[in-house]
Amino acid sequence: MLKLSKEITGPKRYRRPLLVPMVRRMGRRILVALPNRVNALALFLALGGVLGASCGQKTPPGAPQEGLPDEAAKRGLVHVNRSGGSKKRAILEAGGAGVALLDLHSDGDLDAIFAQGCDSLEELLAGDGADLAVFASDDGQFTELQGPKLSGWWTGLATGDLDSDGDVDLVAAGFGSLRVLLQAEDGALLPGPELLPEGARLSDSGAPAWCTSVATLDVDRDGNLDLYVGCYLDLDPRAIPAGALGEGALAVPCRWKGLDVYCGPRGLRAQPDLLLMGNGDGSFRDESQRLSGEGAGYTLSVLPFDADGDGDTDIAVACDSSPNRLWISDGSGSFSDFGYEAGFALSMDGQAEAGMGLAAGDVDRDGRLDLAVTNFSEEPTRLLLGAPVGFTDATYRYGLNAESRPLLSWGAHLIDLDGDGFLELFTTNGHVYPEADEELTGTSYHQPDTLWRLDPSTRCERFEARAASSILSLPRGTRGSAVGDVDGDGRPELLISAIDGAAILGMNRLGQENKRLCVRLLGPQSPTERAPRTPRDGTGARCVLVLGEGAQQHALLSESFTAEGYQSASSPWLHFGLGERASYTALRITWPSGQTEELGSGSANRRLWVREGEGIIREEAL
Amino acid sequence: MKALLIIALFQAQQAERWEELIELGLHRQVLKEAHTSLGADDAKAEHLAKTEHLAKAEHLALAARAAASAGQLELAERWLERGEGPAIELERARLLLHQDKLEQALALTLKPGEPPHPKYPERADGWMLPCRALSRAGELERARPMLEALVTRFPQDDEAPAALHLLAQAAITGGDLEGARSWRERALSSARWRALFDARRTQALENPQDPLPRLGLAALWLEVDRAEEALGVLDELLKLSPRFTRGHALRGDALRALGDLDGSLSSWSEALKLDPELHAARYNRAVLLIGRERWEEAKADLTLLVELEQAQRPPLLDAHKHLAAALEGLGDVEGARSARARHEKLQKK
């Protein structure tokens, strides 16, 4: 019999943001059916998992050799990223761009949008900035549409129903600009006014706000989507530092391993992040004072998730060359940074790393969300397992250090691509410095993307690319990435933006024999009278899929957020892998309103639409 | 014999330099130099074997570290095979950590038995490497006593900020939130010091003839009560720039901290000879002169100082009080009373 804690079903209590309450809350996490965490750990130890060697390189049994073929061009996704010159003389040129997978026109097909940079800063300053690139899909075949006619250097994209009208909208973040684009009835994205205040825009003198990543979330549970906007650093486009920071004898050269490189982030001033509260009509008000933490970090990625399992949304922030932040909500939409306390801010070596991208998923299937954080070269991609209090760093137990150290990784996804019920870790990779190709650097500018299987009972296994067409085979410089089922077969694909290169679409041919379940969680069509409410697009809903019976029973956990990876927005669909199971035992949903719904058993290989208070409103076979 | 001593001195200086280059992220430079002096390929190694005694373990270890940073793990291992001793063992442990071989790294760095104790306690990395292995293995609590020892013995080591952060993390795990806060504050302060220290060293490398980076470096050493290191840097600075007044002034401060009061008087006097406007040096000299009951000289300095606008507030405000003492020493009771009254009045302001 499945037993679920009632802790998550009770009314939201408003709390002071102190560590002790947080610690208590973390101890009262959702109790999902097992496998028993202790037993899983014992097995892990018995297999020599704790102090062994690095990941193996295996192609899992049954995985077809074609794996994840790149079919971007074949499917009409002909887009080339522009990100300054090839030599990368300004830090703005090195970060690349994000992507978004979203359903424009509400036709069920996932469309693609690419953020875009410019050929040079001069071009941007001359007013000849880039537009977003929009591609509409028809059953997985793409056609480029006219863009929304923006002009800027765009980095991050976020998606969600910002005006609660039932369709998805877009947020574009960039260097000196932050724009909301509401979807019109005909599917066109109509740019709204500039969200950045005067003085922070590109057109103003000095360094503008540099918005890297944006997440849509409902921090105060009023049913209106809010925006967490990650900001990077002060860079005056009219006076780019070159060669050194400082002047005269006290100048510090901008070097990496003795090679001259662009300046930053160290030595440049970090910008504070923004919290914009939604009014429910696509407009926002700045309430950044809700973030009560010291100083600012160089934010590159933002990930909303329920870190402590208390039903409200917390926020993980990956910071470049500064401690990562973990904003824990007090339930009313005010946040305190518990990054240090949760073991998230620093590495296991006690050092701040260069956080690039973030992903959340329940890797060890214990009912707590775990995190992956990508980092600079010579810093491993971290795997942090949710623990009763904070996180336990499992990077070394899984053997991720030795393999990921040479890589500089960006986008990250914890996703069950092969449908076997265990999550994989996918990362996009590529160095920031073209100089990495010089001798004696220990790394390279172009790097292949990587995929690791994270079965909790063993060390991680790296998927080997056996076909030249695989997205895992070709060394490139990839940045933003999004997950979504592009061809409608129930298997999630990977859409990737390569810096200065062609877009990549990794079609998922993994685990074709495995069963799957796709779930779309939706809030009520009309808002309830009193808060807390669930946003109309279901953002923040938590889904537990229960599989099996008796001792074999276990649960898979996922949450409905689109912001993940690096500067990108994935599809809001939840993808579960059921392995050989033809059915599931139960589906339990906890809505941001505090309501819970438990749906009975059902068949695998289905696509379900679930609306709060109405249960399954639509269902179709995959 | 003399030749051997010269070689040994050269080697020690080179090892120190390589260590500094590595700490400043200039591994490639070390690796290039190591290729020349140690030889990378087997043929050259054979040739150099005849002079192997010249290639000390410290060099081989640093060269191996540079090679590992360049991704050349095999070369690093080959170099390590040519040496023995603590530096070599610890570098092996570092390589094992790169490869997630935590248990083997612990075996190399810890003495057998409990509680864990480092095999090589005379070196900072002798403490930090096993702590790092324990932390990565999820056994931070076992590392805690060693981390505390490390930050006590080597408070300015480049690993100190990380060690302090790990202690904060261990305190959190143990539920000691107050302790965690205190460790973290120390960690942040240590990291700030270290970042400035590295910046100054980089500036000094870039501008070897300019006195400013070295002056900053010496000030940093004084900030953490390491007057001997500060003095070393200042002597080097004044050799390059003998007329750099602030160097002489700071040298006076360093010598005072070391208890060499004659030396500090002489340095401050030299500074004031070059630049009479160095008020801090004049003030310090006057205070020292009072301590030595050299009233006339003290009075001369303090009389100049109290006329300054800056003497109406700290830190020069006390010049009035000291002037009173000097005048008293000279038997000028009325003058002393007047100076003291002025001091009190300004203090109230």
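Residues numbered from 1 in each chain as written. Chains lettered and ligands numbered in written order. Predicted model: local features only at pLDDT ≥ 70, side-chain atom pairs only at ≥ 80, totals over all residues. Heavy atoms only, no water.

What follows is about the overall build of chain A. Check the secondary structure of chain A and you find four helices and 45 strands. When burial is assessed residue by residue, chain A has 67% of its 622 residues classed as buried. Partitioning the contacts of chain A with sequence separation of at least 6, the portion at a separation of at least 24 is 62%. Total accessible area computed for chain A in this model is approximately 20600 Å², and 49% of it derives from carbon and sulfur atoms. (Helix = DSSP H or I, 4+ residues; strand = E, 2+ residues; numbered from the N terminus. Buried < 20%, exposed > 50% of the residue type's maximum accessible area, 1.4 Å probe, protein only. Contact = heavy atoms within 4.5 Å. Areas by Shrake-Rupley, 256 points an atom, 1.4 Å probe, with all protein chains shown as cover.)

Tallying secondary structure elements over chain B gives 19 helices and zero strands in all. What you see for chain B is a C-alpha radius of gyration of 26 Å, clearly larger than the 20 Å of a compact globule of 349 residues, by over 25%. Each of the three principal axes of chain B carries a C-alpha extent, and together these read 80 × 55 × 30 Å. The buried share of chain B, reckoned over its 349 residues, is 50%. In chain B, the proportion of contacts linking residues at least 24 apart, taken out of those at least 6 apart, comes to 50%. When the accessible area of chain B is evaluated, it comes to approximately 17100 Å², of which 53% is carbon and sulfur surface. Counting 49 positive and 56 negative side-chain charges, chain B places the averaged centre of each group 3 Å from the other. (Rg over C-alpha atoms; globule rule 2.2 N^0.38 Å. Lys, Arg positive; Asp, Glu negative; His and termini not counted. Charge placed at Lys NZ, Arg CZ, Asp CG, Glu CD.)

With that settled, the discussion passes to the nonpolar core. Ranked by size, the top nonpolar core spans 39 residues in total, and within it Met128(B), Leu147(B) and Trp183(B) carry the most contacts. Secondary-structure elements contributing two or more residues to this core are helix H6 (86–98), helix H7 (102–109), helix H8 (124–136), helix H9 (140–153), helix H10 (160–173) and helix H11 (177–206) of chain B. In this view, Trp183(B) contacts Glu148(B), Val151(B), Leu164(B), Leu167(B), Ala168(B) and Ala171(B); residues no more than four positions away in its chain are not counted. Judged by nonpolar contacts, the second largest core, of 35 residues, contains Val261(A), Leu268(A), Phe376(A) and Trp410(A). (Core = buried A, V, L, I, M, F, W, Y, C linked by side-chain atoms within 4.5 Å.)

Here we take up the domain arrangement of chain B. Taken domain by domain, chain B holds domain 1 (2–112 + 122–151 + 162–185) and domain 2 (216–347). Using only C-alpha atoms to locate each centre, domain 1 of chain B and domain 2 of chain B end up separated by 43 Å. (Domains from an automatic or database assignment.)

Here, disulfide denotes a covalent bond that connects the sulfur atoms of two cysteines. Residue and element names in this part refer to chain A. Applying the stated criterion across every chain yields a total of one disulfide over all chains. Here Cys 254 engages in a disulfide with Cys 263; their sulfurs sit 1.9 Å apart. One quick way to see it: the torsion about the S-S bond of Cys 254 and Cys 263 is about 95°, and its sign makes the bridge right-handed. When sorted by exposure, Cys 254 lands in the same class as Cys 263, which is buried. A disulfide-free cysteine, Cys 231 has its sulfur positioned 4.3 Å from the sulfur of Cys 211, the nearest such atom. Looking at Cys 231, the relative accessible area reads 2%, which means it is buried. For the unlinked cysteine Cys 543, the closest cysteine sulfur is that of Cys 518, found at 12 Å. With a relative accessible area of 0%, Cys 543 lands in the buried category. (Disulfide = S-S within 2.5 Å.)

All names here are of chain A. Spatially, E31-E32-E33 is the arrangement adopted by the three strands of the open sheet, whose pairing is antiparallel. Of all strands in the sheet, those bounded by a partner on one side alone are strand E31 (478–484) and strand E33 (504–506). In this sheet, adjacent strand axes meet at a mean angle of 20° when their direction is disregarded. As paired elements, E31 and strand E32 (residues 493–498) share five bridges and run antiparallel to each other. (Pairing = 2+ DSSP bridges. Axes fitted to C-alpha atoms, helices over the stretch in contact; angles between N-to-C directions.)

Attention now moves to the sheet that holds strand E24 (residues 370–373) of chain A. All names here are of chain A. Spatially, the four strands line up as an open sheet ordered E23-E24-E25-E26, and their pairing is antiparallel. Only two strands of the sheet have a single partner each, and these edge strands are strand E23 (358–361) and strand E26 (391–393). For this sheet the average axis-to-axis angle between neighbouring strands, irrespective of direction, equals 25°. As judged from the three bridges shared by strand E25 (residues 382–386) and E26, these two strands associate in the antiparallel manner. What sits directly across from Leu 385, in E26, is Thr 392.

One side chain can pair with another of opposite charge once the charged atoms of both are near each other. Within the structure shown, the criterion is met by 61 salt bridges over all chains. Between Glu435(A) and Arg89(A) there is a salt bridge, with its nearest N and O atoms 3.4 Å apart. You can see Glu435(A) sitting in the loop between strand E28 (424–429) and strand E29 (450–453) and its partner Arg89(A) sitting in the loop between strand E1 (56–58) and strand E2 (99–102), a full 346 residues away along the chain. What makes Glu435(A) buried here is its relative accessible area of 11%. Overall, Arg89(A) belongs to the partly exposed group, its relative accessible area being 46%. Among the salt bridges present, the one from Arg94(B) reaches Glu91(B), with a minimum N-O distance of 2.9 Å. With Arg94(B) and Glu91(B) both in helix H6, this residue pair falls three residues apart, about one helical turn. Exposure remark for Glu91(B): the relative accessible area of 3% places this residue in the buried category. Residues joined in a network through salt bridges with shared partners are Glu58(B), Arg65(B), Glu91(B), Arg94(B), Arg123(B) and Asp125(B). (Salt bridge = Lys/Arg side-chain N within 4 Å of Asp/Glu carboxyl O.)

On to the packing of helix H17 (residues 295–306) of chain B against helix H18 (residues 319–329) of chain B. Residue and element names in this part refer to chain B. Here H17 crosses H18 at 150°, and the two axes come no closer than 9 Å. For the crossing formed where H17 meets H18, the hand is left-handed. When H17 is examined against H18, the residues Trp 295, Ala 298, Lys 299, Leu 302, Thr 303, Leu 305 and Val 306 are found in contact with a partner set consisting of Ala 319, His 320, His 322, Leu 323, Ala 325, Ala 326, Leu 327 and Gly 329. Its residues placed into classes, the contact of H17 with H18 shows 10 nonpolar, four polar and one charged. (Left-handed = near helix turned anticlockwise from the far one by under 90°. Nonpolar A, V, L, I, M, F, W, Y, C, P; charged D, E, K, R; others polar.)

Looking now at the environment of Pro265(A). Residues and elements named next belong to chain A. You can see Pro 265 is positioned in the loop between strand E15 (259–260) and strand E16 (274–278). Sequence separation between Pro 265 and Lys 149 is 116 residues, and the spatial gap between their C-alpha atoms is 31 Å. Apart from the residues within four sequence positions on either side, Pro 265 is in contact with Ile 91, Tyr 232, Leu 233, Tyr 298, Asp 320 and Ser 321.

Residues and elements named next belong to chain A. Buried residues dominate strand E36 (residues 554–559), accounting for six of its six residues. Burial along E36 is two-sided: His 554, Leu 556 and Ser 558 facing one way and Ala 555, Leu 557 and Glu 559 facing the other are all buried. In terms of strand pairing, strand E35 (residues 542–547) meets E36 through six bridges, oriented antiparallel. Bridging from a neighbouring strand, Leu 545 pairs with Leu 556 of E36. Hairpin connection of E35 to E36: six residues between the antiparallel strands, including Gly 548 at a positive phi of 75°.

Our focus in this paragraph is the layout of surface pockets. It is the rolling of a water-molecule-sized probe over the atoms that shows where space remains empty. Residues and elements named next belong to chain A. One number sums up the size of the second largest pocket: a volume of about 910 Å³. Around the second largest pocket, the lining comprises 41 residues; the ones closest to its centre are Asp 103, Gly 108, Arg 520, Trp 573 and Trp 609. When residues of the lining of the second largest pocket are traced back to their parent elements, those giving at least two are E2, strand E6 (154–160), strand E34 (515–522), strand E44 (606–611) and strand E45 (615–621). When grouped by side-chain class, the residues that make up the lining of the second largest pocket number 12 nonpolar, 14 polar and 15 charged. (1 Å grid on protein atoms, 1.4 Å probe; cavity = no way out; pocket = protein on both sides within 12 Å on 5 of 7 lines; lining within 4 Å. Points joined across faces, edges and corners; volume = space filled by probe spheres on them.)

Glancing now at the interface of chain B and chain A. Listed as interface residues are 40 residues of chain B and, on the opposing side, 38 residues of chain A. Taking both sides of the interface into account, the surface hidden between chain B and chain A amounts to around 3200 Å²; carbon and sulfur atoms contribute 56%. Counting the surface chain B buries against chain A, the share from its top three residues, Arg28(B), Asp100(B) and Arg136(B), is 24%. Our enumeration of links across chain B and chain A arrives at three salt bridges. (Buried area = accessible area lost by both parts, 1.4 Å probe.)

A separate point is the packing of helix H12 (residues 211–223) of chain B against helix H13 (residues 227–240) of chain B. Residue and element names in this part refer to chain B. At their nearest, the axes of H12 and H13 sit 8 Å apart, and the two run at 165° to each other. With respect to each other, H12 and H13 are oriented roughly antiparallel. Considering only the axes of H12 and H13, their crossing is left-handed. Note on element contacts: H13 touches H12 through Ala 227, Glu 229, Ala 230, Val 233, Leu 234, Glu 236, Leu 237 and Leu 240, opposite Pro 211, Arg 214, Leu 215, Leu 217, Ala 218, Trp 221 and Leu 222. (Parallel < 35°, antiparallel > 145°, perpendicular 65-115°, else oblique.)

Moving on, we get to empty space enclosed by the protein. Residues and elements named next belong to chain A. One pass over the full model with this rule turns up six cavities of 30 Å³ or more. Estimates place the volume of the largest cavity at around 490 Å³. Every element with two or more residues in the lining of the largest cavity is listed here: strand E19 (298–305), E23, strand E27 (409–415), E31, E36, strand E37 (563–564) and strand E39 (574–579). Partitioned by chemical class, the residues of the lining of the largest cavity number 17 nonpolar, 10 polar and four charged.

A separate point is helix H16 (residues 279–291) of chain B. Residue and element names in this part refer to chain B. Given a rise of 1.5 Å per residue, 13 residues ought to cover 18 Å, and the 19 Å separating the end C-alpha atoms of H16 matches this to within 8%. Most of H16 is tucked away: 10 of the 13 residues are buried. Residues of H16 that are buried: His 279, Ala 281, Arg 282, Tyr 283, Asn 284, Arg 285, Ala 286, Leu 288, Leu 289 and Ile 290. Where the residues of H16 are buried, they touch helix H14 (245–257), helix H15 (261–274), H17 and H18. (Expected span 1.5 Å × (residues − 1).)

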